[in-house]
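Per-entry structural report
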Amino acid sequence: MLDGVLFFPVTPFGPDGEVDYDRLAEHINRGVAAGPGGVFVACGTGEFHALGLSEFGEIVRRTVETVAGRVPVFAGAGGSLVQAKEFAASAKANGANGILLLPPYLVTMPPAGLVEYTRAVAQTTDLPVIVYNRSNAVFDEAGAVAVAQLPTVIGFKDGTGDLDNVSRIVIAVKAALAGTGKDFLFFNGLPTAEITQQAYRALGVTLYSSATFAFAPDLALAFYNSLETGNTELTEALLREFFHPLVRLRNKVPGYAVSLVKEGVRMEGIAAGPVRAPLVDLTDEHRAELARITAAGRAVLTDSLATV
C-alpha cells in the first residue's frame, strides 16, 4: 500500500486562527504532484494535538478530495481512548484509507495497556492501522507481536530511536507473521528521519516519514534516491549541508520539529500561517538560518547535477 517518501503535510491556519482549508488543498496538491508514496494528514506535523474533531473531519475530507486517489491518505487518531475512537470514525467517514494511531495523551502505560488501547481502537474500524511507538507509548517485543496479529493493524512506526528494541521487534513480528500471508510494514518515524535512515535500513526498515518533503520535496526525494541507488557521496553531502544543520536548528527550541516545517512551507510560497499554542513560531534569526540551510541543500543538488 505504501512505498517511497511519505508526505506529512502541515495544517495551515488563517489570520483568525482557524484552519485555512483552501491553503491546505494547495499544499496537499503541490506535495502530491511532487510524487510521495502516501499522505499522512493531521498527524504530528499537522498539529493533531491542536485540532478539534470537526476540524479534523474537514481536513481529512478536503485532503481526500484533493488527492483524488493518486496515493493513499492516512489520518491521525489518538488522545484518550474515547477520542481515538471518535477520530478513527471520522477518518473513515471522510474517506481516509488508513489511520496512524498516535500515543494516548500524557499517561505512562505498561506495554500490556498499550496493546489493549490499540485493540480497542482497531476493533472499531475496518481501516488499516499503523501503530506509533514513541514517547509514552513504547511497545516491547510481546506487545508489538500482539498488535501485529490484530486483523486491521498493518504497520509499526518507530519514533524512539531505540535500535536495540526495534531490531528485536522487527525480527519477532516477522517470525510471528511468517506463513500467515499478512503484509506488515515497518517505518522510521523519528523527527528528521533522514538522519537515522541508514541505520534503520540496516534493520530492514526502508520506509520513513519525511517532514522535509512538506516544504522541500526536491531535497527529500534526492536523499531517498541517493539511498536507493547507493550514491553515498550525495547522501553524505545532503546530510552534512542540509539535514544535520536542520537538526541542530530544530533542537534549539522544543516544538521546532513542527514549527520549522511550517516556516519552510511559508518560505516556499504557501501561506500556512502560524503554529497553534503551545508551539511557537521561529524567531527572525532562526527563519534566516532555515533559509540558509535550505539554500545550502539545494546547492548540493546543483553541484551533483553538474558532475553527472
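Everything quoted here is computed from the prediction, not taken from an experiment. Going along each chain's sequence as written, the residues are numbered from 1 onward. Per-residue local features of the predicted model are confined to residues with pLDDT of at least 70, and side-chain atom pairs are confined, for both listing and counting, to 80 or more; whole-chain, interface and lining totals are unaffected and use all residues. Side-chain metrics rest on all non-hydrogen atoms present in the structure, leaving aside hydrogens and water.

For helices the rule is a DSSP run of H or I covering at least 4 residues; for strands it is a run of E covering at least 2, with both sets numbered from the N terminus onward. Within the protein one finds eleven helices and eight strands. We compute the radius of gyration over the C-alpha atoms and compare it with the globule rule, which gives 2.2 Å times the number of residues raised to the power 0.38. On C-alpha atoms alone, the protein measures out to a radius of gyration of 19 Å, which is about the 19 Å that the 2.2 N^0.38 rule sets for 308 residues. Dimensions of the protein, computed from the C-alpha atoms along their principal axes, are close to 50 × 45 × 35 Å. Burial status follows relative accessibility: with a 1.4 Å probe on protein chains alone, a residue under 20% of its type maximum counts as buried, one over 50% as exposed, and anything between as partly exposed. For the protein, the residues scored as buried account for 55% of the 308 residues in total. Any two residues whose heavy atoms approach within 4.5 Å are treated as being in contact. For the protein, long-range pairs separated by at least 24 residues make up 74% of all intrachain contacts whose partners lie at least 6 apart in sequence. Of the roughly 12600 Å² of accessible surface on the protein, 55% is carried by carbon and sulfur atoms. Using a 1.4 Å probe, the Shrake-Rupley method yields the accessible areas, and only the shown protein chains count as cover for residues.

Bringing the sheet that holds strand S4 (residues 98-101) into the picture now. Criterion used throughout: strands pair if DSSP finds at least two bridges between them. Taken in spatial order, the eight strands of this closed barrel run S1-S2-S3-S4-S5-S6-S7-S8, and their pairing is parallel. Recorded for the sheet is a direction-independent mean angle of 30° between the axes of neighbouring strands. With four bridges joining them, strand S3 (residues 73-77) and S4 adopt parallel strand pairing. Bridged to Ala77 within S4 is Leu101. A fitted line through C-alpha atoms represents every axis, and for helices the fit uses only the stretch in contact; the resulting angles, taken between N-to-C directions, go from 0 to 180 degrees. Its contacts with the sheet put helix H2 (residues 53-67) on strand S2 (38-41) and S3, and the angle it makes with S3 is roughly 170°. Here helix H6 (residues 163-177) sits on the sheet and contacts strand S5 (129-133), strand S6 (153-158) and strand S7 (185-188); the angle it forms with S7, its principal contact strand, is near 170°.

What follows concerns helix H8 (residues 217-229). Here the expected span of a helix is defined as 1.5 Å times the quantity of residues minus one. Between its terminal C-alpha atoms H8 stretches 18 Å, which fits the 18 Å expected from 13 residues at 1.5 Å a residue. Of the residues making up H8, those classed as buried are Leu219, Ala220, Ala222, Phe223, Tyr224, Ser226 and Leu227. Where H8 is buried, its residues meet strand S1 (5-7), helix H7 (197-202), strand S8 (207-210), helix H9 (232-250) and helix H11 (284-306). Among the residues trailing H8, Gly230 stands out with phi positive, at a value near 75°.

What follows deals with the packing of helix H10 (residues 256-267) against H11. Relative to each other, H10 and H11 sit at 70°, their axes nearing to 11 Å. By the angle between their axes, H10 is roughly perpendicular relative to H11. Mapping the contact onto sequence places Tyr256, Leu260, Glu263, Gly264 and Met267 in H10 and His286, Arg287, Leu290, Ala291 and Thr294 in H11. Only Asp, Glu, Lys and Arg are considered charged in this grouping, and only Ala, Val, Leu, Ile, Met, Phe, Trp, Tyr, Cys and Pro are considered nonpolar; every other residue, Gly among them, is considered polar. Of the residues contributing to the contact of H10 with H11, the split by class is five nonpolar, three polar and two charged. Angles are sorted into four bins: roughly parallel if under 35 degrees, roughly antiparallel if over 145, roughly perpendicular if 65 to 115, and oblique for all others.

What characterises a pair of aromatic rings is the spacing of the ring centres plus the angle enclosed by the ring planes. Only the six-membered ring of Trp is used, alongside the rings of Phe and Tyr, when aromatic pairs are assigned; centres must lie within 6.5 Å, and planes under 30 degrees apart are stacked while those over 60 apart are edge-to-face, with the rest tilted. Counting across every chain of the model gives twelve aromatic pairs. Pairwise contacts between aromatic rings join Phe139, Phe156, Phe184 and Phe186 into one cluster. Sitting over the face of the ring of Tyr132, Lys157 holds its NZ or CZ atom 4.5 Å from the ring centroid. We count a charge as sitting over a ring when the NZ of a lysine or the CZ of an arginine lies within 6 Å of the ring centre and within 35 degrees of the ring normal.

Bringing the packing of helix H1 (residues 21-33) against H2 into the picture now. It is the contact of H1 with H2, at a shortest axis distance of 9 Å, that shows an interaxial angle of 40°. Here H2 runs oblique to H1, going by the angle between their axes. For the element pair H1 and H2, the recorded crossing hand is right-handed. Between H1 and H2, the residues in contact are Tyr21, Asp22, Leu24, Ala25, Ile28, Asn29 and Val32 and Glu55, Glu58, Ile59, Arg62, Thr63, Thr66 and Val67, respectively. Each residue belonging to the contact of H1 with H2 can be placed in one class, and the counts come to seven nonpolar, three polar and four charged. Left-handed describes a crossing whose near helix is turned anticlockwise from the far helix through less than a right angle; right-handed describes the clockwise counterpart.

The next thing to look at is the nonpolar core. What we call a nonpolar core is a set of buried Ala, Val, Leu, Ile, Met, Phe, Trp, Tyr and Cys residues that are connected through their side-chain atoms within 4.5 Å. Phe40, Phe139, Val173 and Leu238 are the most contacted members of the largest nonpolar core, which has 103 residues in total. With eight residues, the top contributor of residues to this core is H9. Non-local contacts of Phe139, meaning those with residues more than four positions away in its chain, are made with Leu114, Val115, Thr118, Val131, Tyr132, Asn133, Ala144, Val147, Phe156, Asn165 and Ile169.

Let's shift gears to the UniProt feature "binding site: pyruvate" (unreviewed entry) in the protein. UniProt positions are given in the numbering used here, feature names are shortened, and annotations may be inferred rather than shown by experiment. The sites that UniProt annotates as "binding site: pyruvate" (unreviewed entry) are Thr45. Mapped onto the elements, Thr45 comes out in the loop between S2 and H2. With sequence-adjacent residues up to four places away left out, Thr45 is seen in contact with Phe8, Pro9, Val10, Thr11, Ala211, Val258 and Val261.

It is worth spelling out the UniProt feature "active site" (unreviewed entry) in the protein at this point. Under the present numbering, the feature "active site" (unreviewed entry) in UniProt falls on Tyr132 and Lys157. Over a stretch of 26 residues, the named residues converge on one spot in the fold, their C-alpha atoms separated by at most 4.8 Å. By the secondary structure assignment, Tyr132 is in strand S5. Not counting the four nearest positions on each side in its chain, Tyr132 is found in contact with Leu100, Leu101, Leu102, Pro103, Ala137, Phe139, Lys157, Asp158, Gly159 and Gly189. Assignment of secondary structure puts Lys157 in strand S6. Residue Lys157 is classed as buried on the basis of its relative accessible area of 4%. The residues touching Lys157, leaving out its near neighbours within four places in the chain, are Phe8, Leu100, Ile130, Val131, Tyr132, Asn133, Phe187, Gly189 and Ser209.

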